[in-house]
Structures are given as structure tokens and as C-alpha cells.
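# Observations on the model geometry
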Amino acid sequence: MTVQDWFEKRKQAQLQRRQLEGRVELDMDPDLWTKCVHCDAQLLKEDLIKNDMVCPICDYHFRINARTRIKQLFDENSFEELFTDIKPADPLEFSDTESYKSRLEKAQKKTGLNDAVVTGIGAILGNKVATAVMDFDFMGGSMGSVVGEKVTRIIEKAIELKLPVLAITSSGGARMQESALSLMQMAKTSCAVSKLDDEGLLYINLLTEPTFGGVTASFGMLGDIIVAEQGARIGFAGRRVIEQTIRQKLPSDFQTAEYLLKYGQVDIVSARKDLRNTLAKILEMHKVVQ
């Protein structure tokens, strides 16, 4: 989809919404309805879920958590989660407006996860793959020691089992509450990917909304094949930071998956409904090459 097509769909969605509001008084029960952040359309949550959390009017891909992503991509009952016993610590006893320990407890209660990544082995249309799936709902998907350790371990498990690896990213970057310990995970995960490459095993990146900072600068952009979900924002520094630094206005589609595809930084941009088949084809082609 071009930028012009996207803006046209957004305009049509807003017109439809105005027409609808002129005809009927909507019951805006927040348990039943939600608003698309791109086109402002009022959507039934039930319809949105049935459409894989993609706006049926403007095609905006809502952010989804790791469990939902796994359910959408992997064959039913094929996913075996690994390394669930690894939990974060607070070696620096970090505290700003709130202690790191308190923030961790809140994130764990909110998501049901120990940290911002789920790792395991599953199958996509029968193709077995080791995977790390990041969850933005856990402290912005920030990469701390646990994320780095689990990503490294799943890569090492893939090497042991001679499996390809799929890393699905959604992150704001390194976790500030762990300081240098967090930054060290960039080197750690990158070294693991290098070992995977030495073994001749396939490494696929799936970049989803949003992927930034230390994750982009390490294992998030080292794939043999880099797939980006439609509309995902991907970069290192944020748009506003760059604009304030260079004192220039950036293009409207800057840091989108489509922009990166145009300039050769990703290989494929895929709509969510096509991701499962896209990844399966890549895995199957790799089998043929082997």
C-alpha cells in the first residue's frame, strides 16, 4: 500500500464515521467498542479481534501481545515454551519515581509474563522453528538481562537441534533500569546470531510495531531475511529526537516498514493476514536450498 492509498483510506474512513454518527447515536461502551488510532473509526472489539486486530476500514495493524502473536502464527498446540524459569533481578537497586522492583511486579501482573520475551519451539504450517517473541506490554518491550539471556538460549537450542530461528521484535530498546547490564545484551545476542550463521542455519527477523533502540541495533536487524509487518515503525532513535537534532522535518512515512523496504533495509513487508503463509514459504524454501 502506498502512502497516498493509506491517506485516501483514512479520509474515506473519517467520512463514513461522520455519516454513521449523523444517523445513529452510538453506545460507546468501552467494553464493546474501541477507536482506531489512525482513522478514528469506532470499531466493535469483537469484530476487531475476528480481523486479527487489524482495522477493517484503514488496515491499521493494532499492536498485539506475544501470546496473541503466537496463537496467530503457529500451528495449534505446536508451540512448546522454553526457559520459563528465568526471572529478572534488580542488581542496581534502581529507583526513579518508582522502584524497578515495583515496576517489574506491575508488568508481571499486567502481562502474566516474567519478562518481555516468550521463547520456545513451534511449527508454522508444519515447518518447525525456534522463536523469540517480544511483548511491548511488558515495560515497552525493553531489553534487559532476561530478554538477552532468553534470546541467546533459544538460539543456542536451535543450534543444538539444527533448527531455523524466528525473532519477532516489538520493543522501545534497552531497559534503562539495568543500565550497562542491559546494553551488554546487544553484544551477547549479536554473538549468538553470529554462531547461528557459522552453523549455516536460517535466521529470520519479523519486525512489528514498534521496533526501536538497542533491539534494532542488535539481534533485531541481523536476519538473513528481514520481514516487517505492514505499517510497523522501525528505527533507532525516535522521529522527534531526530527532527530536533537535525532541525528538519522528516517525510510523513519515515521509519515505516514501507519506507524501509523502499531503501533496502527490509526484504519483505507483509500484512498480518499473510504473515503465516509468508513465513512458511521462507522456511520451506530454506529446506529446499539445504
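Anything mentioned here points back to the structure above.
These remarks concern the structure in this document. (Residues numbered from 1 in each chain as written. Predicted model: local features only at pLDDT ≥ 70, side-chain atom pairs only at ≥ 80, totals over all residues. Heavy atoms only, no water.)

### Thoughts on the sheet that holds strand β7 (residues 203-211)
- Pairing is mixed across the open sheet formed by seven strands, whose spatial order is β3-β4-β5-β6-β7-β8-β9. The sheet is open, and its two borders are formed by β3 (80-82) and β9 (268-270), each paired with just one other strand. Across this sheet, the average inter-strand angle for adjacent strands is 25 degrees, counted without regard to direction.
- Where strand β8 (residues 225-229) meets β9, three bridges bridge the pair, whose relative direction is parallel. (Pairing = 2+ DSSP bridges. Helix = DSSP H or I, 4+ residues; strand = E, 2+ residues; numbered from the N terminus. Axes fitted to C-alpha atoms, helices over the stretch in contact; angles between N-to-C directions.)

### Some points on the nonpolar core
- Among the nonpolar cores identified, the biggest contains 51 residues, and I155 and F219 are the most heavily contacted of them.
- If you tally residues by element for this core, the top one is helix α5 (residues 145-161), at seven residues.
- Apart from residues no more than four positions distant in its own chain, F219 is found in contact with M134, M143, V151, A167, T169, T189, S190, V193, Y203 and N205. (Core = buried A, V, L, I, M, F, W, Y, C linked by side-chain atoms within 4.5 Å. Buried < 20%, exposed > 50% of the residue type's maximum accessible area, 1.4 Å probe, protein only. Contact = heavy atoms within 4.5 Å.)

### Thoughts on the packing of aromatic side chains
- Evaluated as defined, the whole model comprises four aromatic pairs.
- Measuring from centroid to centroid gives 4.9 Å for Y259 and Y263, while their planes differ by 50 degrees, and the two rings are tilted.
- Using a relative accessible area of 17% as the deciding quantity, one classes Y259 as buried.
- Taking the ring centre of F136 as reference, the NZ or CZ of R63 above it sits at 4.1 Å. (Phe/Tyr/Trp six-rings, centres within 6.5 Å; stacked < 30°, edge-to-face > 60°. Lys NZ or Arg CZ within 6 Å of the ring centre and 35° of its normal.)

### A short note on the pairing of strand β6 (residues 165-171)
- In terms of residue burial, β6 counts as a mostly covered element, since seven of its seven residues are buried.
- Burial of β6 is two-sided: the residues V165, A167, T169 and S171 facing one way and the residues L166, I168 and S170 facing the other way are all buried.
- Sheet topology note: the strand β5 (residues 127-134)/β6 ladder contains four bridges and is parallel. When the sheet's bridge partners are listed, T131 is paired in β6 with L166.
- Between β5 and its parallel partner β6, the chain crosses via α5, and the hand of that crossover is right-handed.
- Bridge analysis of β6 against β7 gives six bridges, and the strand direction is parallel. By the bridge assignment for β7, L166 is matched with I204.
- Crossover β6 to β7 through helix α6 (residues 179-198) is right-handed. (Right-handed = clockwise from strand over helix to strand, strands pointing away.)

### Brief notes about the packing of α5 against α6
- Direction vectors running N to C along α5 and α6 enclose 10 degrees, while the axes themselves pass 8 Å from each other. Relative to α6, the element α5 is oriented roughly parallel. In this structure, α5 contributes S145, G148, E149, V151, T152, I155, A158 and I159 to the contact, and α6 contributes L181, Q185, K188, T189, A192, V193, K195 and L196.
- Considering only residue class, the contact of α5 with α6 consists of eight nonpolar, five polar and three charged. (Parallel < 35°, antiparallel > 145°, perpendicular 65-115°, else oblique. Nonpolar A, V, L, I, M, F, W, Y, C, P; charged D, E, K, R; others polar.)

### Describing the pattern of salt bridges
- The tally for this structure, following the rule as stated, stands at 18 salt bridges.
- Residue R63 is joined to E209 by a salt bridge in which the shortest nitrogen-to-oxygen separation is 3.6 Å. Linking R63 in the loop between α2 (45-50) and α3 (66-73) with E209 in strand β7, this pair joins segments that are 146 residues apart in sequence.
- By relative accessible area, R63 is classed as partly exposed at 36%. (Salt bridge = Lys/Arg side-chain N within 4 Å of Asp/Glu carboxyl O.)

### Thoughts on empty space enclosed by the protein
- Evaluated as defined, the whole model comprises one cavity of 30 Å³ or more.
- Volume-wise, the largest cavity comes out at about 30 Å³.
- Forming the walls of the largest cavity are I64, N65, A66, R69, V133, M134, I168, S170 and T208.
- Only α3, β5 and β6 provide two or more residues apiece to the lining of the largest cavity. (1 Å grid on protein atoms, 1.4 Å probe; cavity = no way out; pocket = protein on both sides within 12 Å on 5 of 7 lines; lining within 4 Å. Points joined across faces, edges and corners; volume = space filled by probe spheres on them.)

Structural measurements only, silent on function.
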